[in-house]
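Examining the three-dimensional arrangement
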Amino acid sequence: MRRTAFIVSALVVVTCGLTAVSGSAGAVDDKATCVSFNEAWTDLNNRLGALGGPGSFSELRRIYLDTAEDLRVVADAADQGSLKDALNTSAAHMNRLETATNMDDFYRVMEDPALIAALDVAGTPCGL
């Protein structure tokens with residue numbers, strides 16, 4: 001009887017511990033999300049600054065596609081809410097640059113009101 005009670009107790013502790021860990025694993029609050037978002041945006045600006053003038057279209061496109069991936073990673077780790085949604089929307093729009101073949105295509109994507117609005121929703125609470 002004692003052994004059975006001990007085993008049941010151990011299972012309850014393990015099960016509760018796993019539930020607590022799995023419930024909070026991965027998601028971070030908006031403050032931590034903003035830190036990651038600001039880091040991604042700083043990296044974008046640093047890479048753009050390193051172009052030192054008109055760079056090649058393919059380099060410019062690669063920088064923004066990398067940033068889209070960074071935003072997707074930040075969004076994946078974020079808590080559910082408007083910030084996560086805005087980051088996912090921004091990343092999805094920026095990923096449209098994959099099919100851009102010239103600067104006209106690039107500007108068409110980057111000047112899309114939906115992208116601008118999503119970046120505004122993400123940037124405002126994060127101080128951008």
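Preceding this section is the structure that the text describes.
First things first, this report covers the structure right here in the doc. Each residue is numbered by its place in its chain's sequence as written, counting from 1. Only residues with pLDDT of at least 70 are given local features in this predicted model, and only at 80 or more are side-chain atom pairs given and counted; all residues enter the totals for whole chains, interfaces and linings. Calculation of side-chain values draws on the structure's entire complement of heavy atoms; hydrogens and water are dropped beforehand.

Here we come to the environment of Ala-100. In this text, helices come from DSSP runs of H or I with a minimum length of four residues, and strands from runs of E with a minimum of two, each type numbered from the N-terminal end. Tracing the backbone shows Ala-100 in the loop between helix 4 (82-94) and helix 5 (103-110). Linking Ala-100 and Arg-61, residues 39 residues apart in sequence, is a C-alpha distance of 8.0 Å.

In these notes, a set of buried Ala, Val, Leu, Ile, Met, Phe, Trp, Tyr and Cys residues joined through side-chain atoms within 4.5 Å is what counts as a nonpolar core. Relative accessible area decides the class of each residue, using a 1.4 Å probe on protein chains only: under 20% of the type maximum gives buried, over 50% gives exposed, and in between gives partly exposed. Ranked by size, the top nonpolar core spans 27 residues in total, and within it Phe-37, Tyr-64, Leu-71, Leu-87, Leu-97, Phe-106 and Met-110 carry the most contacts. Elements with a minimum of two residues in this core: helix 2 (30-50), helix 3 (57-77), helix 4, helix 5 and helix 6 (113-123). Here the element with the most residues in this core is helix 3; it accounts for 9 residues. Dropping the residues within four chain positions of it, Phe-106 is found in contact with Phe-57, Leu-60, Tyr-64, Leu-97 and Ala-100. When checking whether two residues touch, look at their non-hydrogen atoms; a contact exists if any pair is within 4.5 Å.

This paragraph deals with the packing of aromatic side chains. Here a Phe, Tyr or Trp ring, Trp counted by its six-membered ring, pairs with any other such ring whose centre lies within 6.5 Å, and the pair is stacked when the planes are under 30 degrees apart, edge-to-face when over 60, and tilted otherwise. Applying the stated rule across the entire model yields 3 aromatic pairs. Here Phe-37 and Trp-41 contribute two aromatic rings whose centre-to-centre distance is 5.9 Å and whose plane-to-plane angle is 50°, an arrangement assigned as tilted. Taken together, the residues Phe-37 and Trp-41, both in helix 2 and 4 residues apart, mark about one turn of the helix. Overall, Phe-37 belongs to the buried group, its relative accessible area being 1%. A centroid spacing of 5.6 Å and a plane angle of 75° characterise the contact between Phe-106 and Tyr-107, whose relative ring orientation is edge-to-face. Taking the relative accessible area as the measure of exposure, Tyr-107 reaches 41% and is therefore partly exposed.

So, about the environment of Arg-108. Within the secondary structure, Arg-108 is located in helix 5. With 12 residues separating them in the primary sequence, Arg-108 and Arg-96 have C-alpha atoms 9.8 Å apart.

Our focus in this paragraph is the side chain of His-93. Along the chain, His-93 falls in helix 4. Accessibility expressed as a relative area gives 17% for His-93, which makes it buried. Setting aside residues no more than four positions away along its own chain, His-93 makes contact with Val-109, Asp-112, Ala-114 and Leu-115.

Here we come to helix 3. For a helix, the expected span equals 1.5 Å multiplied by the number of residues minus one. Over its 21 residues, helix 3 extends 31 Å from the first C-alpha to the last, a length consistent with the 30 Å expected when each residue adds 1.5 Å. Next to the buried residues of helix 3 lie helix 2, helix 4 and helix 5.

Another aspect to go through is the pattern of salt bridges. When the charged atoms of two side chains lie near each other, side chains of opposite charge can form a pair. Only one rule defines a salt bridge in this text: a Lys or Arg side-chain nitrogen within 4 Å of an Asp or Glu carboxyl oxygen. Counted according to the given criterion, the structure contains 4 salt bridges. The residue Asp-112 makes a salt bridge to Arg-96 at a minimum N-O spacing of 2.9 Å. One end of the pair, Asp-112, is in the loop between helix 5 and helix 6; the other, Arg-96, is in the loop between helix 4 and helix 5, and 16 residues separate them in sequence. On the basis of relative accessible area, Arg-96 is assigned to the partly exposed category, the value being 34%.

Inspection of the secondary structure assignment puts Thr-33 in helix 2. Not counting residues within four places of it along the chain, the set of residues in contact with Thr-33 comprises Val-28, Val-74, Ala-78, Leu-83 and Leu-87.

This paragraph deals with helix 5. Buried residues of helix 5: Asp-105, Phe-106, Val-109 and Met-110, and no others. Down the axis of helix 5, the smallest arc covering the buried residues is 125°, so these residues share one side. Of the exposed residues in helix 5, the ones pointing more than 90 degrees away from its buried face are Asp-104 and Arg-108. Looking at the buried positions of helix 5, the neighbouring elements they touch are helix 3, helix 4 and helix 6. For helix 5, the N-terminal capping position is held by Asn-102, with its side-chain oxygen 3.0 Å away from the main-chain nitrogen of Asp-104. Directions drawn from the helix axis to the C-beta atoms are what define this arc. Here a polar contact is taken to be a pair of N or O atoms separated by no more than 3.5 Å, where protein atoms must pair a possible hydrogen donor with a possible acceptor and residues adjacent in sequence count only if both atoms sit in side chains.

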